[in-house]
Amino acid sequence: MKYKLVTEPYNYFNISDKSLIFYNTLDGEKVVSSDLDIVEYFSHLKANNFIVKDEEPEFALDFIGELINKFMISRVEFSSKTPVTFFENNHDLIINDLKKLKQKLTIDSLKYLKKINLYLTSDCDHDCTYCHKAYKQFDCCTKAKKGNIDFNQFKSIINQIYKNTEVTLFGGDISKHKDLVKLVNYLYDNKYYNTHISLKWDTISENTKFIQKLQSVIHISVLADSNQIQTINKHKELFWHPNITLNFVIENKDDYDLIQDNLDPTILEQVDYQLLFNENPGFFKENVYTDEDDLFEQTQSVKEIRTKRLLNSNFFGRLSIFPDGSVHLNNNDNQVSTLSDKTLKQVIEEELITQKSWFKTRQTVEPCNKCLYHDLCPTVSTYELFSGINNMCHYDLDLNSWHNN
Ligand code: SF4
Ligand code: SF4
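In this text the structure is predicted, and so the values were computed from the model without any measurement.

Visitor: Is there a simple way to explain the overall build of the protein in this structure?
Guide: Helix and strand content of the protein: 14 helices and 17 strands. Put simply, the protein has 405 residues, and 28% of those count as buried. Contacts in the protein between residues at least 24 apart in sequence constitute 73% of all its contacts with a sequence separation of at least 6.

Right, here's the structure in full:
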């Protein structure tokens, strides 16, 4: 089995011809070596931030053990089909790839695709008021773009991506897609196991047998509505499954209390709340956004800060494909392509060069670009893109209004 040694994001590493140093920026611990075998062994680390080996050589065992014990590196199983996880310290890797792209050199851009949201169909009998809003704020079904992804389109998409890329299947109501079982089986037959499936709460019964055979994580979207909650309580055994999460869309504290007070306690721990921004900035300020005081509650590493300066870790590595064949880097942005126009590799490379969406940092948006804290503040989220309000920190809860300083 191959494995990779990955330097932790907070770890500083440097190497010369004769020696090397690992330095943990969190606790000031350092590990230095002048052993030339060790120096040679780690010589590829500087460029890639990780090294891949079949097995650890005898001479390096103690040294690697010490680095792991001091939380400077981790050892993780490696597959050539493993997409790079951004948080595995690939800051310098991205910078190198960006330079190569500018020089028109070839890079493996698909390794940056961490997650793809695939909207299979716009068919749905429901009529949720938030249908055209919620999918721009969090992962959620929508019938905003009409159409169906057919089996051939599906195969073509899946065959382009690495096997560990997370694939989430959304509708509309995907139980209405005529080839749903065939599409999901295609994923499993081809070892795309990192799958999530979004179902409507009232289709769970007909899909139960099918989904319980799968390893996929199942997301059931539910409204904070008394009737829906009572129906779920009545059939609670259908939802008792370790892979099932109930995604409740809520807009205020009353919605939250309704669920807490009325949903059967045995399924309460399977609930995930999805907060809908809908002219309720006070609720958001209180529950979602960080204000200036929150920024200094935890120490931030140099690496984290550099990352925030470089790119948007909320958006980086994500794509959506809708039933009309349009491809989006972010559901709030315009389409960047259609399935027939460009390959996913081309879409990603264009974004790495033009840096419109995945690189939306605080420095690129008003008024955060003028704020002293723009490198320390959490990166821009979909809520800010949707609401057009980048500085929720300036909302005064007591006055229920905005202030400017
Ligand atoms: S269930 Fe989803 S797709 Fe259907 S109307 Fe509601 S939000 Fe839209
Ligand atoms: S103005 Fe922007 S960067 Fe500054 S604290 Fe508020 S949200 Fe963060």
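Following the structure, the description resumes.
Visitor: Explain the confidence of the model for the protein to me, please; I cannot follow it from the model alone.
Guide: If pLDDT is low for a region, its predicted coordinates should not be looked at in detail. Averaged over all residues, the pLDDT of the protein is 84; the fraction at 70 or higher stands at 88%. Confidence scores differ between elements of the protein, with helix α2 (residues 45–48) showing the lowest mean pLDDT of 54 and strand β14 (residues 326–328) the highest of 98. Segment residues 80–88 is flagged for pLDDT under 50; beyond a separation of four residues in sequence, or across chains, it makes 21 contacts in the model.

Visitor: For this particular structure, what's the right way to read the sheet that holds strand β13 (residues 318–321)?
Guide: Hydrogen bonds along the backbone pair up the strands of a sheet, which may run parallel or antiparallel. Ordered by their spatial adjacency, nine strands build an open sheet running β12-β11-β10-β9-β8-β7-β13-β14-β15, and the pairing between neighbours is mixed. Across the chains shown, the open sheet's two edge strands, defined by having one partner strand only, are β12 (271–275) and β15 (337–338). Summarising the sheet, strand β7 (residues 115–119) and β13 pair through four bridges and their orientation is parallel. When the bridges of β13 are listed, Lys115 appears paired with Arg318.

Visitor: What's the story with the site of ligand 2 in this structure? I'm lost.
Guide: As a structural note, the neighbourhood of ligand 2 is formed by 11 residues, with Cys368, Cys371, Cys377, Asn391 and Cys393 the closest of them. Looking at the shell around ligand 2, its residues break down into six nonpolar, three polar and two charged.

Visitor: What's the story with the site of ligand 1 in this structure? I'm lost.
Guide: The local shell around ligand 1 consists of Cys124, His126, Asp127, Cys128, Cys131, Cys141, Thr142, Lys143, Gly171, Gly172, Asp173 and Lys200. The residue makeup of the shell around ligand 1, split by class, is four nonpolar, four polar and four charged.

Visitor: I would appreciate a short explanation of the environment of Tyr192 in the present structure.
Guide: In this fold, Tyr192 is placed in the loop between α6 (180–189) and β9 (195–200). Spatially, the C-alpha atom of Tyr192 lies 8.5 Å from that of Ile158, the residues being 34 residues apart in sequence.

Visitor: What's the story with helix α13 (residues 344–354) in this structure? I'm lost.
Guide: Helical geometry: 3.6 residues make up each α-helical turn, so side chains three or four residues apart lie on a common side. Residues Leu344, Val347, Ile348, Glu351 and Leu352 constitute the buried set of α13. Buried residues along α13 cover an arc of 135° about the axis, so they all sit on one side. Of the exposed residues in α13, those oriented more than 90 degrees away from the buried face are Ile353 and Thr354. Each element contacted by the buried residues of α13 is listed here: α4 (91–102), β13, β14 and β15. Where α13 ends, the next residue or the one after it, Gln355, has phi of about 55°, a positive value.

Visitor: Sorry if this is basic, but what is going on with the sheet that holds strand β2 (residues 11–15) here?
Guide: If you trace the three strands from one edge of the open sheet to the other, you get β2-β3-β4, paired in antiparallel fashion. The open sheet has two edge strands, β2 and β4 (30–33), and neither has a second partner. Put simply, the sheet's adjacent strands are angled 5° from each other on average, direction ignored. Summarising the sheet, β2 and strand β3 (residues 20–24) pair through five bridges and their orientation is antiparallel. Across the sheet, the residue bridging to Tyr12 is Tyr23, located in β3.

Visitor: How do you make sense of the pairing of β3 when you look at a structure like this?
Guide: Every other side chain in a regular strand lies on the same face of the sheet, so the side chains alternate between the two faces. In textbook terms, the turn of a hairpin is the stretch between consecutive antiparallel strands, and for β2 and β3 this stretch comprises four residues. Pairing between β3 and β4: four bridges, direction antiparallel. From the neighbouring strand, Tyr23 faces β4, where its bridge partner is Lys30.

Visitor: What exactly am I supposed to notice about the nonpolar core here?
Guide: Buried together is how nonpolar side chains tend to be arranged in soluble globular proteins. Of all hydrophobic cores here, the largest spans 52 residues; its most connected members are Leu118, Leu120, Leu169, Phe170 and Ile220. It is α13 that provides the largest number of residues to this core, a total of four residues. If near-sequence neighbours (up to four positions away) are discounted, Leu118 is found in contact with Ile149, Ile157, Val167, Thr168, Leu169, Phe170 and Ile321. Core analysis: the next-biggest nonpolar cluster, separate from the first, contains six residues, Phe22, Leu67, Met72 and Ile73 among them.

Visitor: Looking at this structure, I do not really get the pairing of strand β10 (residues 217–223). What am I missing?
Guide: Burial within β10 is extensive, with five of its seven residues counted as buried. The pairing of β9 with β10 spans five bridges and is classified as parallel. Bridge pairing in β10 links Ile197 to Ile218. Pairing between β10 and strand β11 (residues 244–250): six bridges, direction parallel.

Visitor: Mind showing me how you'd approach the packing of helix α5 (residues 151–158) against α6 here?
Guide: The description of two helices packed together rests on the angle between their axes and the distance between the axes. Running from N to C, α5 and α6 point in directions that differ by 20°, and their axes come no closer than 10 Å. As summarised for this structure, α5 and α6 are arranged roughly parallel, according to the angle between their axes. Where α5 crosses over α6, the two elements pack in a sense that is right-handed. Residues Phe151, Phe154, Lys155 and Ile158 of α5 pack against Lys182, Leu183, Tyr186 and Leu187 of α6. Split into classes, the residues belonging to the contact of α5 with α6 amount to six nonpolar, no polar and two charged.

Visitor: Quick question: what am I supposed to make of the environment of Glu351 here?
Guide: In this structure, Glu351 sits in helix α13. When the C-alpha atoms of Glu351 and Val336 are compared, they prove to be 9.0 Å apart, with 15 residues separating the residues in sequence. When sequence neighbours within four positions are dropped, the list of residues in contact with Glu351 reads Leu329, Lys356, Ser357 and Trp358.

Visitor: Even after reading the chapter, I still don't get unusual backbone geometry, so can you show me in this structure?
Guide: With the exception of glycine, the majority of residues adopt a negative phi angle, and the majority of peptide bonds are in the trans configuration. Gly171 connects to Gly172 through a cis peptide bond whose omega is 25°. Within the secondary structure layout, Gly172 lies in the loop between β8 (166–170) and α6. In this chain, Glu366 is followed by Pro367 through a cis amide linkage whose omega measures -10°. Tracing the backbone through its elements, the reader meets Pro367 in the loop between α13 and α14 (382–387). Phi is positive for Lys104, which is not a glycine, with a value near 60°. Among the secondary structure elements, Lys104 is positioned in the loop between α4 and β7. Lys104 gets classed as exposed once you count the C-beta atoms within 10 Å, which come to 6.

Cut-offs applied
Residues take numbers from 1 onward in each chain, read along the sequence in its written order. Throughout, the order in which chains and ligands are written sets their labels, letters from A for the former and numbers from 1 for the latter. Per-residue local features of the predicted model are confined to residues with pLDDT of at least 70, and side-chain atom pairs are confined, for both listing and counting, to 80 or more; whole-chain, interface and lining totals are unaffected and use all residues. Secondary structure follows DSSP: runs of H or I at least 4 residues long count as helices, runs of E at least 2 residues long count as strands, and numbering of each begins at the N terminus. Any residue with 12 or fewer other C-beta atoms within 10 Å of its own C-beta is exposed, any with 20 or more is buried, and the rest are partly exposed; the C-beta atoms used are placed from the backbone. For every residue pair, C-beta atoms are placed from the backbone, and the pair is scored as a contact if these atoms sit within 7 Å. Values of pLDDT, ranging from 0 to 100, describe the predictor's confidence in every residue of the model. Any two strands are treated as partners once DSSP identifies two or more bridges connecting them. To decide whether a residue is near a molecule or strand, its C-beta atom is placed from the backbone and checked for lying within 6 Å of it. Side-chain classes follow a simple rule in which Ala, Val, Leu, Ile, Met, Phe, Trp, Tyr, Cys and Pro form the nonpolar group, Asp, Glu, Lys and Arg form the charged group, and the remainder, Gly included, forms the polar group. Our arc is simply the arc of the directions from the helix axis toward the C-beta atoms. Lines fitted to C-alpha atoms define the axes here, with helix axes fitted over just the stretch in contact, and angles between the N-to-C directions of these axes take values from 0 to 180 degrees. By definition, a nonpolar core groups buried Ala, Val, Leu, Ile, Met, Phe, Trp, Tyr and Cys residues that are joined through C-beta atoms within 7 Å. Throughout this description, any angle smaller than 35 degrees is read as roughly parallel, any larger than 145 degrees as roughly antiparallel, any in the 65 to 115 degree range as roughly perpendicular, and the remainder as oblique. Here a crossing is called left-handed whenever its near helix is offset anticlockwise from the far helix by less than a right angle, and right-handed whenever the offset is clockwise.

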